[in-house]
Amino acid sequence: MCTRFYVEPAYYAPIITRAQKLKLADDMMRHLGKPLTMSGEMRPTDVTAVLAPNKEGRVAVFPMIWGFSHEATDAPIVNCRLETASQKEMWKDSWFRRRCVIPCSWYFEWEHFRSPDGKRSKVGDKYIIQPKDSHTTMLAGLYRFEERNELQVPVFSVLTRDAIGELRGIHDRMPMILQREDVESWIRPDGNPAEICKRALTEMCFEKAV
């Protein structure tokens, strides 16, 4: 699961600035009233700088809103399960044609304790989690375009998978985190997402958030 991540302002300033200077960013601010800070602790419905293919299929930076919309709920759909991404109607077109990467410093997770019957859970401490020996966390995502206030805007969702190793003691899910060398292949429309996911990073370090 992933419902919060952190973008360190100074480290990511170059891509944040590129995203903020686009006409699309200005349109989103004017039509939707969305602030364009794109750094700090990012929450669902925030606008952040995302890597996605340009018209030539090369890696470019775009402002995107976190969360798909769905008629069945008012809440944004911020996560997509890897196991069903290629099958479910909401995700499958994006899985094959519109993949993106959300660069951040780390993500946050809250410790969950399940009751014996598995029906109730208690939320515990908040943790900071990132790949070992890395200053960057490349979250794999899917995106699409939605009409918001008569404006076509890109929105994204973060892919999640079963948690690995010690992370299972915090939560049973974790985001799909790409190796840096797989970022371009993931974004490229003719890439093979299923193969790239097999190489995703699983060795994490974590500590309680202050």
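Please read these numbers as outputs of a predicted model, since none were measured by experiment.

Novice: Quick question: what am I supposed to make of the environment of His-135 here?
Specialist: Residue position: His-135 is located in the loop between β10 (121-131) and β11 (137-148). Distance in space between the C-alpha atoms of His-135 and Leu-36 is 23 Å, their sequence separation being 99 residues. With sequence-adjacent residues up to four places away left out, His-135 is seen in contact with Tyr-12, Cys-104 and Ser-105.

Novice: Honestly, the packing of aromatic side chains in this entry has me stumped. Any pointers?
Specialist: Here the distance between the centres and the angle between the planes together describe a pair of aromatic rings. If you walk through the whole model with that rule in mind, you get 8 aromatic pairs. An angle of 70° between the planes, with centres 5.9 Å apart, marks the rings of Tyr-127 and Phe-206 as edge-to-face. Taken together, the residues Tyr-127 in strand β10 and Phe-206 in strand β15 (residues 204-208) connect sequence positions 79 residues apart. Overall, Tyr-127 belongs to the buried group, its relative accessible area being 10%. Through a chain of ring-to-ring contacts, three or more aromatic side chains come together here, namely Phe-5, Trp-66 and Phe-156. Positioned above the aromatic ring of Trp-186, the side-chain terminus of Arg-99 is 5.7 Å from the ring centre.

Novice: Looking at this model, I keep getting lost on the nonpolar core. Mind explaining?
Specialist: One broad trend across soluble globular proteins is that nonpolar side chains are buried collectively. In this structure, Phe-5, Phe-156, Leu-159 and Trp-186 are the most contacted members of the largest nonpolar core, which totals 61 residues. Sequence-distant contacts of Leu-159, that is, excluding residues within four places in its chain, are made with Cys-80, Arg-81, Leu-82, Ala-85, Trp-95, Ala-140, Gly-141, Leu-142, Met-174, Pro-175, Met-176 and Trp-186.

Novice: Just checking my understanding: could you explain the layout of surface pockets for this structure?
Specialist: Over the atoms, a rolling probe the size of a water molecule traces out where space has been left empty. Space inside the largest pocket adds up to approximately 200 Å³. Around the largest pocket, the lining residues are Leu-24, Ala-52, Pro-53, Asn-54, Lys-55, Phe-62, Met-64, Arg-97, Arg-98, Tyr-143, Phe-145 and Pro-154. The class makeup of the residues in the lining of the largest pocket is 8 nonpolar, 1 polar and 3 charged. If you add up the space inside the second largest pocket, you get close to 150 Å³. Forming the walls of the second largest pocket are 13 residues, and the residues nearest its centre are Thr-45, Ser-69, Asp-74, Pro-76 and Arg-148. Top element by residues in the lining of the second largest pocket is strand β6 (residues 73-77). It accounts for 4 residues. Tallied by class, the residues present in the lining of the second largest pocket amount to 5 nonpolar, 5 polar and 3 charged.

Rules used throughout
Residues numbered from 1 in each chain as written. Predicted model: local features only at pLDDT ≥ 70, side-chain atom pairs only at ≥ 80, totals over all residues. Heavy atoms only, no water. Helix = DSSP H or I, 4+ residues; strand = E, 2+ residues; numbered from the N terminus. Contact = heavy atoms within 4.5 Å. Phe/Tyr/Trp six-rings, centres within 6.5 Å; stacked < 30°, edge-to-face > 60°. Buried < 20%, exposed > 50% of the residue type's maximum accessible area, 1.4 Å probe, protein only. Lys NZ or Arg CZ within 6 Å of the ring centre and 35° of its normal. Core = buried A, V, L, I, M, F, W, Y, C linked by side-chain atoms within 4.5 Å. 1 Å grid on protein atoms, 1.4 Å probe; cavity = no way out; pocket = protein on both sides within 12 Å on 5 of 7 lines; lining within 4 Å. Points joined across faces, edges and corners; volume = space filled by probe spheres on them. Nonpolar A, V, L, I, M, F, W, Y, C, P; charged D, E, K, R; others polar.

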